[in-house]
Amino acid sequence: MLTRRTLLLSAAAASLAMLPFASFAAEAAAGEAALGSAALPPAGSWPVTFKDLAGRIVTLTQEPQRIIVANYIQNFMLVGGRDALKRVVGMTQDHWESTRMGEYQVFTTAYPELKSIPSIGGFHDDILNSEKIIALKPDAMIINRTQFAANTQRIEVFERAGIRVIVTDYHAMKLENHVLSTRIIGRMLGRDTVAEELCRKAIDGLKDVDTRVAKASAGKKAPKVYMELGSKGVGNYGNTYNSTILWGAMLARVGADSISANNREPYSAATREYVISQNPEIIIIGGSRWSGGASDQMQMGFTVDRKTAEKCLEAFMHRSLWQNLPAVKNRRFYAVDHGSLRSIIDWHMSAFIAKVCWPDGFADMDPEAGIVADYKHYLPDLDPAGTFTLALGN
């Protein structure tokens, strides 16, 4: 169980996450202290008691054999591999294909058994089908923090039905959350060694990123950055993120001056007038493959070839009234795969964002190659071909 000192260290790590430059080192150090051997009892010991990512004390009497994965199926599989799917009796399938077309195609091609797993709700929302969940008789269910907040009464019903509900979190982009969530999944699947290996790569990788950022940024002004999700196409402005979530948190952690950092809402669209008035030096467009959306949306991720991604990004760069922005004039224009976030291996995306902001410190680092290598290593049946990071260059 977590001690009071451990909880204080976790709180300190959360606050340090908002500090530029030193944050990765602080998070890594706090993660080491807060999520060391005290976070979970030694591997193989049952019952196991721990605090989940909603701060709830959870006890598992034995390794669960029937699991519902209401979120983070990628992380579940990175830790558990193909065999872990034998334990999955339900998952959020609704709209997975339309929300992440490339990911869906690649995962279901490599693991066709995914298609036969019953759906218990929406892949990209917080709606859970209580009746179906209870009827599937799971031992445990993995959900995220927003699903937990939106289903308080249902959670009580699940618990009374003997379903252990476990809250995980990869959305806040906090190292300690990524690590604890991964260790919990590892324990549930009897894959502590693999989970620990993934966590160690993330901790060590972010330590390296922080060291490079500190050196490359010394005495320099932080670059002004605008990041936008390109799901609505060139003609409409998509969501941008404040410093508490996803790309916004990542920008804060590498010391960038994000023009959206202080937005009241975690994510919302900026106006064209505001973006132009801020005169960003760097622009990053997030992409994926969304069905039913704008034909000129930013395409990135699994199955997207580099020429297609470059064509999409060029179209964004030539948006109306953007020609005088420093980011456009200097072609400091980039794209990232939105689907690569919320994963224990998304530290590679942090490395790419750091490289975009402080290029002198990262000339020898290839984050995209790291992403592909991890998929090949942990999910060897999966074809990771696609485009995950992109720089237009000069």
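Residues numbered from 1 in each chain as written. Predicted model: local features only at pLDDT ≥ 70, side-chain atom pairs only at ≥ 80, totals over all residues. Heavy atoms only, no water.

Draft legend 1. Looking closely at the sheet that holds strand β5 (residues 140-144). Read across the open sheet, the 4 strands follow the order β4-β3-β5-β6; overall the sheet is parallel. The sheet terminates laterally at β4 (88-91) and β6 (164-168), the two strands that pair on one side only. Averaged over all pairs of adjacent strands, the angle between strand axes in this sheet comes to 25°, irrespective of strand direction. With 5 bridges connecting them, β5 and β6 associate as parallel partners. (Pairing = 2+ DSSP bridges. Helix = DSSP H or I, 4+ residues; strand = E, 2+ residues; numbered from the N terminus. Axes fitted to C-alpha atoms, helices over the stretch in contact; angles between N-to-C directions.)

Draft legend 2. View of the side chain of His 178. Here His 178 shows up in helix α9 (residues 175-189). On the basis of relative accessibility, which here comes to 5%, the residue His 178 falls in the buried class. Only 3.2 Å separates the side chain of His 178 from the backbone oxygen of Ser 343, close enough to count as a polar contact. Apart from the residues within four sequence positions on either side, His 178 is in contact with Asp 169, Tyr 170, Met 173, Ser 343, Ile 344 and Asp 346. (Buried < 20%, exposed > 50% of the residue type's maximum accessible area, 1.4 Å probe, protein only. Polar contact = N/O pair within 3.5 Å; in protein donor to acceptor, adjacent residues only side chain to side chain. Contact = heavy atoms within 4.5 Å.)

Draft legend 3. View of the sheet that holds strand β7 (residues 224-229). Spatial ordering of the open sheet is given by β9-β7-β11-β13-β15, a layout of 5 strands whose pairing is mixed. Each edge of the sheet is formed by a strand with only one pairing partner; in this case those strands are β9 (257-258) and β15 (389-391). Two elements, β7 and β9, share 2 bridges in a ladder whose sense is parallel. Within the sheet, the bridge partner assigned to Val 225 lies in β9 and is Ser 258.

Draft legend 4. Structural view of the nonpolar core. The biggest cluster of nonpolar side chains holds 101 residues, and the ones touching the most others in it are Phe 76, Leu 114 and Ile 284. Among the elements that take part in this core, helix α10 (residues 192-217) stands out by supplying 10 residues, more than any other. Setting aside anything within four residues of it in sequence, one finds Ile 284 in contact with Val 225, Tyr 226, Met 227, Glu 228, Leu 251, Tyr 334, Val 336, Ile 353 and Val 356. Core analysis: the second largest hydrophobic core is formed by 24 residues, Val 234, Phe 316, Leu 325 and Leu 392 among them. (Core = buried A, V, L, I, M, F, W, Y, C linked by side-chain atoms within 4.5 Å.)

Draft legend 5. Inspection of the packing of aromatic side chains at higher detail. The final tally for this structure, using the stated rule, is 13 aromatic pairs. Seen in terms of ring centroids, Tyr 72 and Tyr 170 are 4.8 Å apart; in terms of plane orientation they differ by 70°. Their pairing is edge-to-face. Linking Tyr 72 in the loop between β3 (67-69) and α3 (73-80) with Tyr 170 in the loop between β6 and α9, this pair joins segments that are 98 residues apart in sequence. Tyr 72 sits in the buried class, given a relative accessible area of 7%. Consider the rings of Tyr 241 and Tyr 267, whose centres lie 6.4 Å apart with planes at 50°: the pair is tilted. (Phe/Tyr/Trp six-rings, centres within 6.5 Å; stacked < 30°, edge-to-face > 60°.)

Draft legend 6. Just the packing of helix α15 (residues 347-357) against helix α16 (residues 367-378), in detail. Two elements in contact, α15 and α16, have axes separated by 8 Å at closest approach and are oriented at 175°. As summarised for this structure, α15 and α16 are arranged roughly antiparallel, according to the angle between their axes. Touching Trp 347, His 348, Met 349, Ala 351, Phe 352 and Lys 355 of α15 are Pro 367, Gly 370, Ile 371 and Asp 374, all from α16. (Parallel < 35°, antiparallel > 145°, perpendicular 65-115°, else oblique.)

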